[in-house]
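Residue-level structural notes
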Amino acid sequence: MFRCRRCGVCCRWPGCVKLETDGEADRIAVFLGLEPTEFIDRFCVITPDRSHLALAERADHSCIFLEFDGAAARCVIDPVKPRQCRDFPEKWNFPGWEQECAAGSSGLES
């Protein structure tokens, strides 16, 4: 199990955060108090291969739902964040994540 230190590095890594699991978009919409179509229109894009919806990202590649409270990163939709986000770094990561992530490999518990 990984213990996040809220550095936000994984939320600023370029690439798509796909909404793959059934109901992810609907759960996020409800959490934000939006109709699903409004959530999709405001906060989603189509992946380059046109196979999925993905969360929009800012010009600096950070997730649209990433905020900072001082030095700590905060996910606005944390209770309903996509599976892809919940699965970092155990089921996906990026080259060199251990050096960039504040928890690094020390955040992995046995």
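Everything in this summary refers to the structure shown in the same document. (Residues numbered from 1 in each chain as written. Predicted model: local features only at pLDDT ≥ 70, side-chain atom pairs only at ≥ 80, totals over all residues. Heavy atoms only, no water.)

**A few points about the overall build of the protein**
As a reminder, the rule being used: Every helix listed is a DSSP run of H or I at least four residues long, and every strand listed is a run of E at least two residues long, numbered separately from the N terminus. The reference for a compact globule is 2.2 Å times residues^0.38; the radius of gyration itself is calculated from the C-alpha atoms. Relative accessibility thresholds used throughout: buried, under 20% of the residue-type maximum; exposed, over 50%; partly exposed, between the two (1.4 Å probe, protein chains only).
When helices and strands are counted, the protein shows 4 helices and 5 strands. Starting at the N terminus, the α and β elements of the protein follow one another as β-α-α-β-β-β-β-α-α. Expected size for 110 residues packed as a compact globule is a radius of gyration near 13 Å; at 14 Å, the protein falls within 12% of this value. Taken over the C-alpha atoms alone, the protein extends approximately 40 × 30 × 30 Å along its principal axes. Buried positions account for 34% of the 110 residues belonging to the protein.

**Quick notes on the pairing of strand E4 (residues 66-69)**
Here is the rule we go by: One requirement defines pairing of two strands: DSSP has to find at least two bridges between them.
As paired strands, E4 and strand E5 (residues 72-75) are joined by 4 bridges and run antiparallel to one another. Across the sheet, the residue bridging to aspartate 69 is alanine 72, located in E5. Connecting E4 to the next strand, E5, in antiparallel fashion are 2 residues, including glycine 70 with a positive phi near 70°.

**Quick look at the pattern of salt bridges**
Note the cut-off: Within this document, salt bridges are pairs made up of a side-chain nitrogen of Lys or Arg and a carboxyl oxygen of Asp or Glu, the two lying within 4 Å of each other.
If you walk through the whole model with that rule in mind, you get 3 salt bridges. Taking the shortest distance from any N to any O, the salt bridge between glutamate 67 and arginine 74 comes out at 2.9 Å. A relative accessible area of 41% means that arginine 74 is categorised as partly exposed. In this structure, lysine 81 engages aspartate 78 in a salt bridge whose closest nitrogen and oxygen atoms are separated by 2.9 Å. Given a relative accessible area of 18%, lysine 81 falls into the buried group.

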